[in-house]
Amino acid sequence: MIIAAETHDSIRAVQWQGDHLRLLDQRLLPGEERWIDCRDAAQVTQAIRDLAVRGAPAIGIAAAWGVAMAAQQGAPLEPVLAMLRAARPTAVNLMWALDRMKKRIAAGADAGALLREAQAIQNEDLAANRRMGELGAALISTGSGVLTHCNTGSLATAGYGTALGVIRAGVAAGRIARVYAGETRPWQQGARLTMWELVRDGIPAQLIADSAAAHLMKSGAVQWVIVGADRIAANGDTANKIGTYQLAIAAKYHGVKFMVVAPSSTVDMATGSGEEIEIELRDPAELLSTGGRRTVVEGAQAWNPVFDVAPAELIDAIVTERGVIERPNSIAMQAMFGC
Ligand code: MRU
């Protein structure tokens, strides 16, 4: 799992093994580093649905390998594409990767060509992350503090990360002096996964309760909120992990800048605005228990949307591998991503 030597990037959580897909089970971190071997597309679909693999780019990459594996096994590909597509609704990287595989299938690609396509999707994501790291870090003044949300690192991508890639690059360049990560209830991607990545990389960081974010901003300790995205609409509205919207509102109020970092595979120009983005609703049971232990009285109910939309007007910069859009709107998005 560990790619030696390279500072500030050591984890590869999605690994093709020649005839099956190996995934680092993100539900168990940081307590246990257990790998899951997915031996057919149904197992990949289940791993995506159950959050064993998660993060928008990573689920797109896993799905592409699922299609390639099905082709290698001689399985009919149309049902496999449909099954994987239905695994989760919000992150458009999933649909983007499947559309890319579908196009190759339609063009007559054989299993070998589909395996190469999945590998290309994975390689391109890593390259995009490195580029976004440079571009995003360049926006940050030396000595800044940053707050991030959810997990957008190597675990959520092919490697290095989106928002966490910018943080890695910003720390390496000496621009970022303080890193804060929100817990990200209820799955605790910030507490469990981002802190795990940062500690591994030797990047000093402090965990905060999600509810401490506005208080932190008021203290003056952070100059940027840096987050990833699951889908960016044609007007710059951005869906990301639940809690991102309230961070964007609090940032605006406190004069803290707000950066969204995502590869172009997260941009969905077919979706006009955030209003049209389907927000995944997950089992309320995820809110009623913590670590497998019931913490809420029996009989209680819960509402569990797992993404929200930060409107473009609250975003200072969208960073993709194609470039930076400051103060995003439909015109700037069209100029960079229009066909
Ligand atoms: O439910 P998750 O853990 O898949 O949600 C992940 C996020 O919201 C991330 O911020 C987003 O996918 C960007 S990951 C580079």
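Computed from a predicted model, the values in this text were never measured in an experiment.

Novice: Explain the pairing of strand β10 (residues 257-261) to me, and be specific about the residues and the numbers.
Specialist: Of all five residues in β10, four are buried, a share of seventy percent or more. As defined by bridge partners, strand β7 (residues 224-227) adjoins β10 across four bridges and the pair is classed as parallel. When the sheet's bridge partners are listed, Val-227 is paired in β10 with Val-260. When β10 meets strand β15 (residues 317-320), the two strands line up parallel, connected through three bridges. Considered in β15, the bridge of Val-260 is made with Ile-318.

Novice: Requested: an account of the environment of Ala-317, with residues and values cited.
Specialist: Counting through the fold element by element, Ala-317 comes out in strand β15. Residue classification places Ala-317 among the buried positions, given a relative accessible area of 1%. Filtering out sequence-adjacent residues up to four positions away, Ala-317 remains in contact with Leu-139, Phe-258, Met-259, Val-260, Val-324, Ile-325 and Glu-326.

Novice: Quick one: what's the story with the sheet that holds strand β6 (residues 206-208), residue by residue and with numbers?
Specialist: Reading across the sheet, the seven strands line up as β6-β5-β4-β7-β10-β15-β16 and stay open at both edges, with mixed pairing between neighbours. Two strands close off the open sheet at either side, each with one partner strand: β6 and β16 (323-326). The average angle at which neighbouring strand axes cross in this sheet is 25°, direction not considered. Docked against the sheet, helix α5 (residues 111-137) engages β10, β15 and β16, running at close to 150° with respect to β15. Across the face of the sheet, helix α7 (residues 189-201) comes into contact with β4 (144-148), β5 (176-182) and β6 while running at roughly 155° to β5.

Novice: Could you give me a rundown of the pattern of salt bridges, with the residues and numbers involved?
Specialist: Within this structure, the stated rule accounts for 16 salt bridges. Taking the shortest distance from any N to any O, the salt bridge between Glu-33 and Arg-200 comes out at 3.4 Å. Remark: Arg-200 occurs in helix α7 and Glu-33 occurs in the loop between β2 (21-24) and β3 (35-38); sequence separation between them is 167 residues. A relative accessible area of 41% means that Glu-33 is categorised as partly exposed. Residues Arg-282 and Glu-280 are paired through a salt bridge, measuring 2.8 Å at the closest nitrogen-oxygen approach. Summarising the burial analysis for this pair, Arg-282 and Glu-280 share the class buried. Several salt bridges share partner residues, and in doing so they unite Arg-88, Glu-280, Arg-282 and Glu-286 into one network.

Novice: With reference to specific residues and values, describe the site of the ligand.
Specialist: Inspection of the region around the ligand gives 17 residues, with Arg-54, Arg-88, Asp-230, Asn-240 and Lys-241 positioned closest. Interatomic distance of 2.8 Å between a side-chain N/O atom of Asp-230 and an oxygen atom of the ligand. When the ligand is considered free in solution it has 420 Å² of accessible area, and contact with the protein chains removes 99% of it. At the level of elements, α2 (56-72) and β9 (238-241) are the ones that each hand at least two residues to the shell around the ligand.

Novice: I'd like to hear about the side chain of Arg-100, residue by residue, with values.
Specialist: Position of Arg-100 relative to the elements: it lies in helix α4 (residues 92-106). By relative accessible area, which is 18% here, Arg-100 ends up buried. Non-local contacts of Arg-100, meaning those with residues more than four positions away in its chain, are made with Glu-117, Ala-120, Ile-121 and Glu-124.

Novice: Outline the domain arrangement of the protein, supporting the account with residue identities and numerical values.
Specialist: We note that the domain assignment places domain 1 (14-128) and domain 2 (129-337) within the protein. Each of domain 1 and domain 2 has a C-alpha centre, and these two points are 23 Å apart. Taken residue by residue, the interface counts 29 residues in domain 1 and 35 residues in domain 2. When the buried area of domain 1 at its contact with domain 2 is split by residue, Arg-54, Thr-90 and Ala-128 rank highest and sum to 24% of it. Viewed at the interface, domain 2 and domain 1 are joined by two salt bridges. Taken together, the links from domain 1 to domain 2 amount to 26 residue pairs in polar contact (both at pLDDT 80 or more). Sort the elements by how many residues they give to the side of domain 1 that touches domain 2 and α5 lands first, with five residues. When the residues that make up the side of domain 1 that touches domain 2 are grouped by side-chain class, the tally is 17 nonpolar, five polar and seven charged.

Novice: Mind laying out the UniProt feature "active site" (unreviewed entry) in the protein, listing which residues take part and the relevant values?
Specialist: Summarizing the sequence annotation, UniProt attributes the feature "active site" (unreviewed entry) to Asp-230 in the numbering used throughout. If you trace the backbone, Asp-230 turns up in the loop between β7 and β8 (231-233). Classification of Asp-230 by relative accessible area gives buried; the value is 8%. Setting aside residues no more than four positions away along its own chain, Asp-230 makes contact with Ala-56, Thr-90, Ala-91, Val-92, Asn-93, Ala-239, Asn-240, Lys-241, Thr-266 and Phe-307.

Novice: For the packing of helix α3 (residues 77-85) against α4, give the residues involved together with the corresponding values.
Specialist: Here α3 crosses α4 at 170°, and the two axes come no closer than 10 Å. Here α4 runs roughly antiparallel to α3, going by the angle between their axes. Contact residues: Leu-77, Glu-78, Leu-81, Leu-84 and Arg-85 in α3; Leu-94, Met-95, Leu-98, Asp-99, Lys-102 and Ile-105 in α4. Looking at the contact of α3 with α4 residue by residue, the classes come out as seven nonpolar, no polar and four charged.

Analysis parameters
Residues numbered from 1 in each chain as written. Predicted model: local features only at pLDDT ≥ 70, side-chain atom pairs only at ≥ 80, totals over all residues. Heavy atoms only, no water. Buried < 20%, exposed > 50% of the residue type's maximum accessible area, 1.4 Å probe, protein only. Helix = DSSP H or I, 4+ residues; strand = E, 2+ residues; numbered from the N terminus. Pairing = 2+ DSSP bridges. Contact = heavy atoms within 4.5 Å. Axes fitted to C-alpha atoms, helices over the stretch in contact; angles between N-to-C directions. Salt bridge = Lys/Arg side-chain N within 4 Å of Asp/Glu carboxyl O. Near = heavy atom within 4 Å. Polar contact = N/O pair within 3.5 Å; in protein donor to acceptor, adjacent residues only side chain to side chain. Areas by Shrake-Rupley, 256 points an atom, 1.4 Å probe, with all protein chains shown as cover. Domains from an automatic or database assignment. Buried area = accessible area lost by both parts, 1.4 Å probe. Nonpolar A, V, L, I, M, F, W, Y, C, P; charged D, E, K, R; others polar. UniProt positions renumbered as here; feature names shortened; annotations may be inferred. Parallel < 35°, antiparallel > 145°, perpendicular 65-115°, else oblique.

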